[in-house]
Structure formats: C-alpha cells, structure tokens
Amino acid sequence: MINHTDTSIVTIDRFIIEQEALFPEATGELSSILYELAVAAKMISSKVRRAGLIDILGAAGSENVQGEHQQKLDVIANAIITKAMDHGGKLCAMASEEEEGIIEIPPQFKCGKYVLLFDPLDGSSNIDVNVPVGTIFSVLRRVTPGPGRGAIEDMLQPGLKQVAAGYVIYGSSTMMVYTTGHGAHGFTLDPSIGEFLLSHPHIRTPEVGKYLSVNDSYEQYWSEPVRALMRRYRGLDMQREAMNVRYVGSLVADFHRNLLGGGVFVYPANQRSPSGKLRLLYECNPLAFICEQAGGAATDGMRRLLEVVPTELHQRSPLFIGSKQDVAIATRMLEDER
Ligand code: AHM
Ligand code: MG
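As the structure is a computational prediction, the values presented were derived from the model and not from experiment. (Residues numbered from 1 in each chain as written. Chains lettered and ligands numbered in written order. Predicted model: local features only at pLDDT ≥ 70, side-chain atom pairs only at ≥ 80, totals over all residues.)

So, about the overall build of the protein. When its secondary structure is counted, the protein shows 9 helices and 13 strands. Seen along its three principal axes, the alpha-carbon backbone of the protein occupies a region of about 60 × 50 × 45 Å. Looking at the protein as a whole, 45% of its 338 residues are labelled buried. Restricting the contact set of the protein to residue pairs at least 6 apart, pairs at least 24 apart contribute 64%. (Helix = DSSP H or I, 4+ residues; strand = E, 2+ residues; numbered from the N terminus. Buried ≥ 20, exposed ≤ 12 C-beta atoms within 10 Å, placed from the backbone. Contact = placed C-beta atoms within 7 Å.)

Spelled out as structure tokens, the structure:
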C-alpha cells in the first residue's frame with residue numbers, strides 16, 4: 001500500500017501509475033484505460049455543468065444557434081465515452097446501457113485484451129431538476145482468444161472477474177471513485193486546473209449504516225419478506241435502530257452518500273419488475289466491486305452479487321448494497337423467498 005502524506009498532491013494519473021506497480025505482471029494497458037476514462041469523465045462533467053444552459057442555447061430536439069441539432073446529455077455522454085475509448089488499442093469491445101448490442105472497435109483501430117461496460121449517464125431524468133447524475137463503468141479481461149474483436153462471451157462474466165470498476169458523480173463537485181482490487185479510492189476534480197486529485201484514499205464504509213435508500217412507492221408490489229425487511233430497517237419491529245431514509249432517485253448519488261456515511265441502497269424485485277430495475281453489468285456489478293473493496297457487501301437477495309453469472313447483456317437484478325451488517329440482514333430475512 002502506498003501512503004501519501006496529508007500534504008501530498010496526488011493526481012489521478014500519478015495514483016494510477018503507483019497502483020500499477022502493485023501488479024508485477026502489469027503491462028500498463030489497464031492504466032491507459034483508466035486515464036482515458038478520467039478524460040472522458042472530465043468532458044462529460046463539462047457538458048453536465050452546462051446542462052441548464054440548454055434552455056438558453058436551444059432545447060433537446062431543437063436546433064441551437066449554430067443550426068446544429070441538440071442532443072440529449074445521455075446520448076452525448078455515450079458518444080464521448082465511445083470516442084474516447086475506441087482507438088487506444090486496449091479494448092476489444094464495449095457495451096453501453098444506451099445501446100442494444102456490443103459496440104465494436106472500428107476496423108482501423110487495434111484490439112486489446114479488455115472489454116468495457118458502462119452506463120454513460122445514470123439518472124439522466126434528474127438533469128432537468130439539477131440533481132446529481134453519474135457515469136458507471138466496469139472493465140473485464142476478455143475470455144475469447146485475441147487479437148481480434150471481442151464477443152458477447154467476453155461481457156457475460158460474473159462480477160468477480162472485473163479487473164477495474166468505478167463511477168463518476170457529477171454533484172456539487174465532480175468525483176471519480178475507482179478500484180482495481182486494491183481498495184476503493186476517490187478523486188475530486190479541481191476545475192481550475194482540470195485534474196482529478198486524490199481526496200478519498202482507501203474509502204471504508206461503516207459496518208452498520210445510518211441511511212436507507214429505497215423507493216417505497218413500490219411497497220404494494222413487494223413480497224412480504226421485503227416488506228418485513230423494510231420494517232426492520234426503519235426500526236418498526238424494534239430489532240434495529242431506525243435508519244434515516246434518503247432517496248435521491250439517482251443511483252450514483254444514493255450509493256455515494258451511503259458509501260461514505262454508511263447505509264444500504266435497496267432496489268428489490270417487485271410484482272411489476274420481477275427482476276428489479278437496475279442492470280447487472282452496467283450498474284450493480286461495478287458498484288458491488290467498489291462496495292466490497294470498501295468493506296461493504298452486495299447481494300441480489302439470494303446470492304453474493306459478484307458471483308451471479310450473467311446470461312444477457314442488459315440483464316436486470318435486484319440490488320441490496322452497502323454496509324456489511326445491514327446487507328447481511330437482507331440476506332437473512334429474504335431467505336424465505338428462496
Ligand atoms: P436509468 O438508468 O434509466 O437512469 O435508471 C436508473 C435510475 C437509478 O439512477 C435510480 O436509482 C433508479 O433509476 C430510480 O428508479 P425509480 O424511479 O424506480 O426509483
Ligand atoms: Mg442507468
């Protein structure tokens with residue numbers, strides 16, 4: 001573990017290089033992917049910061065003053081990541097929550113040994129009301145033989161196989177949090193110099209949390225064990241101190257607050273969404289990897305989330321993620337559902 005003193009200024013680039021040294025077999029390819037993702041994050045951040053100005057410069061679907069067609073921010077974010085990542089020679093394929101199938105590496109560029117899965121702008125419906133949104137990403141090593149293009153098998157791997165995962169939150173400041181399996185580390189963007197600086201090294205999430213994040217308007221569609229679990233979290237069955245309910249409705253924002261402050265984010269299956277809403281590969285797995293690295297846990301209600309073997313690119317999964325002891329309560333109380 002590299003210890004920086006309180007006075008060190010550590011850019012994300014320097015940190016990535018230092019982390020690479022922890023892997024004697026590293027070739028620098030994963031580091032390049034992380035640098036490029038940090039650049040994409042800065043570009044998306046600058047677009048998100050101008051979001052409110054779209055009304056002045058021209059609404060989505062209309063033409064702006066230059067006569068160019070205005071695009072929605074999630075489409076813009078998707079294009080930024082695709083274009084930032086497709087030519088580095090380190091990836092053999094990508095997949096995005098915004099696109100139906102695999103995003104192929106254009107034929108003029110080399111293919112590498114990794115695949116990238118991402119949700120370019122999660123919670124984008126919140127942009128109109130100035131609520132934080134985020135980007136989530138996951139990197140896996142290909143399983144098909146190289147050096148050609150990647151295939152769907154490269155994507156359909158359990159979360160345990162992730163070599164890196166992270167998220168960017170575009171909040172009151174822009175932060176990037178990532179892991180390569182040696183802890184979870186957070187970087188805050190200093191907009192005046194355009195650099196992500198290490199602000200939250202070795203994030204540890206409390207074992208027992210104080211926040212409960214859930215959309216309880218689905219209560220009527222939940223199973224009885226899920227209802228009982230929510231009563232437990234709220235302290236209504238006198239078995240646990242009541243948690244404080246906080247629900248932004250923007251996964252990255254809810255997850256980030258709970259990661260730092262302690263708590264659980266819960267999106268169970270319900271009668272209307274039998275597999276929940278969130279996507280296993282683009283949302284659940286990367287956050288589960290980070291959460292475990294910070295000392296937390298994540299389950300789909302039946303299994304450790306990172307052990308689930310995906311069968312579809314856009315597969316949904318129920319999600320119970322956060323402080324270890326609170327996730328353990330979910331695992332115990334949902335046993336009746338099995
Ligand atoms: P999106 O990928 O279409 O943006 O949807 C995901 C978002 C998450 O950010 C958030 O946690 C969830 O949807 C909220 O869903 P709901 O409105 O059902 O509570
Ligand atoms: Mg999403």
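Around ligand 1 sit Glu97, Asp119, Asp122, Gly123, Ser124, Asn215, Gly249, Ser250, Leu251 and Lys277, and that is every residue in its neighbourhood. Taken domain by domain, the shell around ligand 1 gets at least three of its residues from each of domain 1 (12–200) and domain 2 (211–337). (Near = placed C-beta within 6 Å. Domains from an automatic or database assignment.)

The residue Asn130 is not glycine, and still its phi comes out positive at about 60°. Non-glycine residue Met238 carries a positive phi angle of around 65°. Assignment of secondary structure puts Met238 in the loop between helix H6 (224–233) and strand E10 (244–245).

Side chains that are three or four residues apart share a direction in an α-helix, a result of its 3.6 residues per turn. Taking 1.5 Å of rise per residue, 21 residues should cover 30 Å, and helix H2 (residues 29–49) covers 30 Å from first to last C-alpha, within 8% of that figure. Considered for burial, the residues of H2 that qualify are Leu30, Ile33, Leu34, Leu37, Ala38, Ala40, Ala41, Ile44, Ser45 and Val48. (Expected span 1.5 Å × (residues − 1).)

Looking now at the domain arrangement of the protein. Looking at the assigned domains, one finds that the protein contains domain 1 (12–200) and domain 2 (211–337). When each unit is reduced to the centre of its C-alpha atoms, the spacing between domain 1 and domain 2 is 24 Å. In this assembly, 32 residues from domain 1 lie in contact with 27 residues from domain 2.

Further remarks concern the pairing of strand E6 (residues 174–179). Most of E6 sits inside the fold, with 6 of its 6 residues counted as buried. What you see with E6 is no split at all: Thr174, Met176 and Tyr178 on one side and Met175, Val177 and Thr179 on the other are buried throughout. Note that strand E5 (residues 162–170) and E6 share 6 bridges and pair antiparallel. Bridging across to E6, Tyr167 finds its partner in Val177. Relative to strand E7 (residues 184–190), E6 runs antiparallel, the two sharing 5 bridges. Residue pairing for E7: Met176 is matched across the bridge by Phe187. (Pairing = 2+ DSSP bridges.)

Inside soluble globular proteins, nonpolar side chains tend to come together where they are buried. Ranked by size, the top nonpolar core spans 92 residues in total, and within it Leu91, Val115, Leu116, Met176 and Ile321 carry the most contacts. Beyond its immediate chain neighbours, meaning those up to four positions away, Met176 contacts Ile12, Ala38, Ala41, Gly166, Val168, Phe187 and Phe196. (Core = buried A, V, L, I, M, F, W, Y, C linked by C-beta atoms within 7 Å.)

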